[in-house]
Amino acid sequence: MLCVAESPGASTGPAEARSTRIGLAAIDASTGDVRHAEFDDTQARPGLESRLLQLSPAEVLLVEPVSAATSKLDSAVFGEGKGARVERVPVASGYADARDAEKALASYVDQIDRRAGENASRERAESATRTENGTERLSSRDTIVGGQTARAAATAFDWLRPFGLDGVSRLAGSAAAFKPMAGGDDDGGTMRLSPNVIRQLELFRSSEDTHRGSLVWLLGANAVTAGGARLCRRWVAHPLTDVGAIRERLAAVRELKDAAEPDSGGRLDGLTAALRRCHGDRAGDAERYLARVFHGTATPAELVSALSAVRAFADAVVEITDSAGPDASIESDATRRLLAEARDPQVVATCASLLGAVDAEAARSGRATPATALKPDDARFPELSQTRAAVADAVRSLDDLLPELRDALVRKKDPRDAVFGSGPRNAHSLALPARLEYVTVALVEHLIELPDTTENVPHDWVRVSTNKSKKVVRYHPPAVLERAAALERARERHTRACETAWRRFLSVECAGKFLELRAAVRAAAELDALCSLAALARQEGYCCPTFLDDERLGDEESEKPAFLDIREGRHPILDATLAGGERVVPN
């Protein structure tokens, strides 16, 4: 979802030169990502258009007042059912004053600080400051955005609250999750592409308006995980501009090209198979499952699937790297870092701890519900021990009633106070069982089943059903109905307590480890994206580009403008799409 807020900028000069201050907040509730940007845009809105094309949002919120130029762009990009659903937020609901929006965001951070203090007091052994990829998690107001970005972010959080998806607001103080939008003025490591470049280069859609034939289709065709495919799209949308970062990624692709080729005997030849097995289609999208865990809406099956995928891939990476031997070192810094993050022992221990509280087998088979997923643990869930004991007492009370019910049947009674079965009474009549037991028929519990020839059945016993083939009659004595109602109340209280404990388990224990677990999942996604590029690089005709340093050039050449030298180049999309050896005749 993308939220757009704007305010008039410079009002002098001709209309086409006047600028508008625009703030954006892009929230992916399915992965827990929040990206923001604020910039001055011209009357043609090229900056806003390029970001709309790069993000491809499913929903757009326009915070009023909305200028005519922004409305025109919105109609051109998303009009006539072209994709995103567009909603306008009234001024009263959209924080007309940016200072009010900043206060709303500050209140989110204050809630995070209080929650962090509570967690620190409960878990003295853990640090209250969390990290992701070595980046410290900020618990102050330093990360709070201002201006039109604050209006957009606060409005988006309020919009998501009725749907139970405002959990991302808890990351407002996290530098790892609340980041500037790539390609912006405050993120100099990537390039911001213009709308014309995106269309002409067919980055996301081909000239025939299809996914096939686009650059994203080619680069991400070999990705085996959903996270890897998303990352390939992000890399295409935001190309790197830092030479060091480009060389690091190229070094990783070059190494994986040989080391990770399946069945090649390379030191990482099992990496792609491990990614497909642990994070592939059958395993589900672990990153989205973790986001649902963070929102508190995950099912037991989704939680177990995500944690099992993270732990299984960590074990697979350990096995792959250990089997390669100590001499098979990883040369690429990026590959070495990603493998270390994916196999982090702390993440494995976290998965084991969280899975230890859940009935994993029942969750995998789909039998577990929020009311039955948690295992009995007096130390972890003490409130469930009390409700579970109340259910056990109610069951025991029903069982203790059975001897009394049989005594009531065998005791000599006045015929006027008894009823008789419907069967004939003769010498071959069925005898009364030595011990009564409860039976369940058609989901009706705690029935007393007696032969249809049983005499002296108390008249206040309610006849529920009759089975003529088995020659039995089933009754509900009043005492049984009373104690069964008490058992049902105890079960309902236990179910409510289990559901409350499950929500608290997700929001406290699991959500507290969200960034840590997501870092491991994203390490696997980046490995998958690099393996996808490496698979493409193995094809005939591909080569690795060379970047020249200034010191390798002469004085005269270093003063020349930057250049790109391509020799015997071919169009990669045409090679991939043309079948049967067809050739293209250039104009």
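Residues numbered from 1 in each chain as written. Predicted model: local features only at pLDDT ≥ 70, side-chain atom pairs only at ≥ 80, totals over all residues. Heavy atoms only, no water.

Here we take up the sheet that holds strand 4 (residues 59–63). The six strands are arranged 5-4-1-2-3-8 in an open sheet whose pairing can be described as mixed. Edge positions in the open sheet fall to strand 5 (85–89) and strand 8 (178–180), since each of these has one partner strand only. Going across the sheet, the axis of each strand differs from the next one's by a mean of 20 degrees, ignoring polarity. (Pairing = 2+ DSSP bridges. Helix = DSSP H or I, 4+ residues; strand = E, 2+ residues; numbered from the N terminus. Axes fitted to C-alpha atoms, helices over the stretch in contact; angles between N-to-C directions.)

To continue, consider a negative patch on the surface. On the surface, Asp399, Asp400, Glu404 and Asp407 cluster together to form a negatively charged patch. The topology assignment puts Glu404 in helix 15 (residues 382–410). For Glu404, a relative accessible area of 48% translates into the label partly exposed. (Patch = residues over 30% accessible without salt bridge, like charges linked within 9 Å, V, L, I, M, F, W, Y side chains within 5 Å. Areas by Shrake-Rupley, 256 points an atom, 1.4 Å probe, with all protein chains shown as cover. Salt bridge = Lys/Arg side-chain N within 4 Å of Asp/Glu carboxyl O. Lys, Arg positive; Asp, Glu negative; His and termini not counted. Charge placed at Lys NZ, Arg CZ, Asp CG, Glu CD. Buried < 20%, exposed > 50% of the residue type's maximum accessible area, 1.4 Å probe, protein only.)

With five of its seven residues buried, strand 1 (residues 2–8) lies for the most part within the structure. Note that strand 1 and strand 2 (residues 20–28) share seven bridges and pair antiparallel. By the bridge assignment for strand 2, Val4 is matched with Leu24. In this structure, strand 1 lies alongside strand 4, joined through three bridges in parallel fashion.

Scanning the entire structure with this criterion turns up 26 salt bridges. Here Glu341 and Arg337 are joined by a salt bridge, their closest N and O atoms 3.7 Å apart. One end of the pair is Glu341 and the other is Arg337, both in helix 12 (residues 333–342) and four residues apart, which spans about a single turn. Note on Arg337: relative accessible area 35%, which makes it partly exposed. The shortest N-O distance in the salt bridge between Arg474 and Glu449 comes to 2.9 Å. Placement of the pair is Arg474 in strand 14 (residues 472–476) and Glu449 in strand 11 (residues 444–451), with a sequence separation of 25 residues. A residue is classified by how much of its surface remains accessible, and Arg474, at 6% relative accessible area, is buried. Judged by its relative accessible area of 26%, Glu449 is partly exposed.

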